[in-house]
Protein chains: 2
Amino acid sequence: MSFDRLIQKIREKNNPTVAGLDPKLDYIPEYIKEEAYKKYGKTLEGAAEALFQFNKGLINALCDIVPAVKPQAAYYEMYGWQGVRTLAKTIEYAKKKGLYVITDAKRNDIGATIQAYSAAHIGKTDIEGESVEAFGADALTVNGYLGTDGIRPLLDICKADDKGIFVLVKTSNPSSGELQDRKLDDGLTVCHTVGDMCENWGKDTVGRTGYSAVGAVVGATYPEQLGELRKALPHTFFLVPGYGAQGGGAKDVAPAFDENGIGAIVNSSRGIMCAWKKEDCDPTEYAQAARREAIRMRDEIVTCID
Amino acid sequence: MSFDRLIQKIREKNNPTVAGLDPKLDYIPEYIKEEAYKKYGKTLEGAAEALFQFNKGLINALCDIVPAVKPQAAYYEMYGWQGVRTLAKTIEYAKKKGLYVITDAKRNDIGATIQAYSAAHIGKTDIEGESVEAFGADALTVNGYLGTDGIRPLLDICKADDKGIFVLVKTSNPSSGELQDRKLDDGLTVCHTVGDMCENWGKDTVGRTGYSAVGAVVGATYPEQLGELRKALPHTFFLVPGYGAQGGGAKDVAPAFDENGIGAIVNSSRGIMCAWKKEDCDPTEYAQAARREAIRMRDEIVTCID
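Basis of the calculations
Residues numbered from 1 in each chain as written. Chains lettered and ligands numbered in written order. Predicted model: local features only at pLDDT ≥ 70, side-chain atom pairs only at ≥ 80, totals over all residues. Least-squares fit on C-alpha atoms with pLDDT ≥ 70 in both. Contact = placed C-beta atoms within 7 Å. Pairing = 2+ DSSP bridges. Helix = DSSP H or I, 4+ residues; strand = E, 2+ residues; numbered from the N terminus. Axes fitted to C-alpha atoms, helices over the stretch in contact; angles between N-to-C directions. Buried ≥ 20, exposed ≤ 12 C-beta atoms within 10 Å, placed from the backbone. Nonpolar A, V, L, I, M, F, W, Y, C, P; charged D, E, K, R; others polar. Expected span 1.5 Å × (residues − 1). Core = buried A, V, L, I, M, F, W, Y, C linked by C-beta atoms within 7 Å.

K.L.:
What is the right way to look at the relation of the copies chain A and chain B in this model?
P.N.:
Turning one copy of the chain about an axis and sliding it along that axis gives the other copy, so a rotation and a shift relate them. The transformation that overlays chain A on chain B combines an axial shift of 0.0 Å with a rotation of 180°, and the residual RMSD is 0.0 Å. Both chain copies can therefore be described as sitting about a two-fold axis. In terms of proximity to the rotation axis, the leading residue of chain A is L184 of chain A, whose C-alpha is 2.0 Å off the axis. Mapped onto chain B, 100% of the interface residues of chain A again fall at the interface, so both copies present the same surface.

Shown next, in the form of structure tokens:
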């Protein structure tokens, strides 16, 4: 009912990073695609099969290095329901390999609808008295624009099933400031205000480590705000995108961590998935290249927060 | 590349309302569920089949009355990838019946990821040079918290394929004001500011009717703000939730319309889907009950805006 379970895995692997699984066909070696197309044609089904095989290879190569993976729902939805089936299979496979799974879906809605999203992604669905896991991730990213009504049903599941949510606070993109950096009439920025809401939403879910079940997404591309928010939100665990491909470096993510070197997990997606292209290695070694990059990233970040 | 296509359908049917397709097992008559379970068991697949048969009945009964349907993604995701397959089949079926389809998914992200969502829901996915529709809706609801980066790729598809988006501006839930009604340091509220962004994002997509391809979600439960936003955002077409089950009445939605009686489409989900329960009619007449409610709602709203 907090992020203790994730923090435990981070400690075991001495690695506060998460591998983003955002597979596009462009990122996948030809030999994997060819095999999938042979079975299912150049169709959504064929693409979805290629995605799954690619992910499986990555998970196998990364599962003793990283504590967590973060599949991004958009890349699966792009390949239709067949792609969404690959999302479900990927989550199942990653959990079997002992990984903590954060579904990055930035869901948001109210009432019965956010209840449905909660059940879908981190909870269970009732079918005539049987509880079934639809996707079964450990944590979900959400958007807090709708206020407490849009968060409460997620919290109920966090408490009941020891799951977590990450609320978008300060995103890593260039235009994030258009709304998020605007000052409200009390002098606080919008993102700081949403951060305060996270502290409040999480307050009765704080675990042994001092962090609640309500985390925040705070981008590595704004290191100053990252540090300010770290200080302002002592019980809010951070998911930090923007490292690597988006321009954030290890020094930029350091302010996300507290004086004990915990409090955040840093994501890299393209950096890890496309390491084989950057290395220009044999495509059949894509998973090993991903592993090398994950180790490099771990070492770089651990050095910066020690 | 504007909402002209939707407005045309509204005019043809003289009906500015949309039927929400948010199917939960609770809403579905037993006989439909029994048949589905007989084929596929009390499983996600069985549930998803029941959802599809329920939707098909509703679409058949409503397609000459309403111009549009609005499936809410959460209710499909709750039933796993099997449910998401039902979403795809529902959209396909509704389009075949001549309906405009708004996928209510409140998606949001940046860069390549929002591109992936755009392709998934209103655009096309490239598979080795072939363009395939993954879900193929006409419009998508989105959340603007991330700023212009999170909207631009959607706009490109709106322009290229004559699609639309609805950005969350003022939602219908009780706690929507926690963030959306806060005043920024220039005196404007957050929701008004996001509304202004919609006007700006849509400015080069304004159609014959005066409305752009960037609409706004503005709830019926705050009629005063609805009227203010209507005046402030003359090119922004409104999708209005909150009518019926959430407490909004026909008088509450009237301010959403301009002096020509256009500018908005009002949603009812539970009111229509569960009309058979309210009427207490024979469950096999659920679709006819939905039709009666859709006609009642149409007449009530048309009277109020005439």
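Next comes the rest of the write-up.
K.L.:
What is the right way to read the sheet that holds strand β1 (residues 17-21) of chain A from this model?
P.N.:
Sheet strands associate in pairs through backbone hydrogen bonding, adopting either a parallel or an antiparallel arrangement. All names here are of chain A. Taking strand neighbours around the barrel as the criterion, the eight strands line up as β1-β2-β3-β6-β7-β8-β9-β10 in a closed arrangement whose pairing is parallel. Each neighbouring strand pair of the sheet contributes to a mean axis angle of 30°, computed without reference to strand direction. In terms of strand pairing, strand β6 (residues 139-142) meets strand β7 (residues 164-170) through four bridges, oriented parallel. Across the sheet, the residue bridging to V142 is V167, located in β7. Packing against the sheet, helix α14 (residues 286-305) makes contact with β1 and β10 (264-268), and its axis sits at approximately 145° to β1.

K.L.:
How should the sheet that holds strand β6 (residues 139-142) of chain B be read in this particular structure?
P.N.:
All names here are of chain B. In space, the eight strands of this closed barrel follow the order β1-β2-β3-β6-β7-β8-β9-β10, with parallel pairing throughout. Across the sheet, the mean angle separating the axes of adjacent strands is 30° when strand polarity is ignored. In this sheet, strand β10 (residues 264-268) lies alongside strand β1 (residues 17-21) in parallel orientation, the contact comprising three bridges. Bridge pairing links V18 to N267 in β10.

K.L.:
Quick question: what am I supposed to make of the pairing of β10 of chain B here?
P.N.:
The side chains of a regular strand alternate between both faces of the sheet. Residues and elements named next belong to chain B. Judged by how many residues are buried, β10 sits mostly within the fold: five of five residues are covered. Side chains A264, V266 and S268 of β10 all project onto a buried face; the interleaved residues I265 and N267 project onto the opposite face, where all are buried too. Across three bridges, strand β9 (residues 238-240) lies against β10 in parallel orientation. Looking at the pairing, V240 lines up with V266 of β10.

K.L.:
I tried to follow the interface of chain A and chain B on my own but got confused; where do I start?
P.N.:
Bring the parts together and some accessible area is lost; that lost area is often taken as the interface size. On the side of chain B, 55 residues touch chain A, which itself brings 55 residues to the contact. Sort the elements by how many residues they give to the side of chain A that touches chain B and helix α6 (residues 111-121) of chain A lands first, with six residues. Counted by class, the side of chain A that touches chain B contains 27 nonpolar, 15 polar and 13 charged residues.

K.L.:
Help me understand helix α7 (residues 152-161) of chain A, please; the structure alone is not making it clear to me.
P.N.:
For an α-helix the count is 3.6 residues per turn, leaving residues at separations of three or four pointing the same way. All names here are of chain A. Regarding α7, the residues found buried are P153, L154, L155, I157 and C158. On the buried face of α7, the contacting elements are α6, β6, β7 and α9 (190-202). Two residues or fewer past α7, D162 is found with a positive phi of approximately 55°.

K.L.:
Looking at this structure, how should I read α14 of chain A?
P.N.:
Residue and element names in this part refer to chain A. Spanning 20 residues, α14 covers 29 Å between terminal C-alpha atoms, matching the ideal 28 Å at 1.5 Å per step. Listed as buried for α14 are Y286, A289, A290, R291, E293, A294, M297, I301 and I305. Those residues of α14 that are buried are in contact with β1, α3 (44-62), α11 (250-253), β10, α12 (270-273) and α13 (275-279).

K.L.:
Mind showing me how you'd approach the nonpolar core here?
P.N.:
The tendency in soluble globular proteins is for nonpolar side chains to be buried as a group. In terms of nonpolar packing, the biggest core is built from 222 residues, with V167 and V240 of chain A together with V167 and V240 of chain B touching the most fellow members. Dropping the residues within four chain positions of it, V167 of chain A is found in contact with V142, G144, V194, C198, V214, A216 and V217 of chain A.

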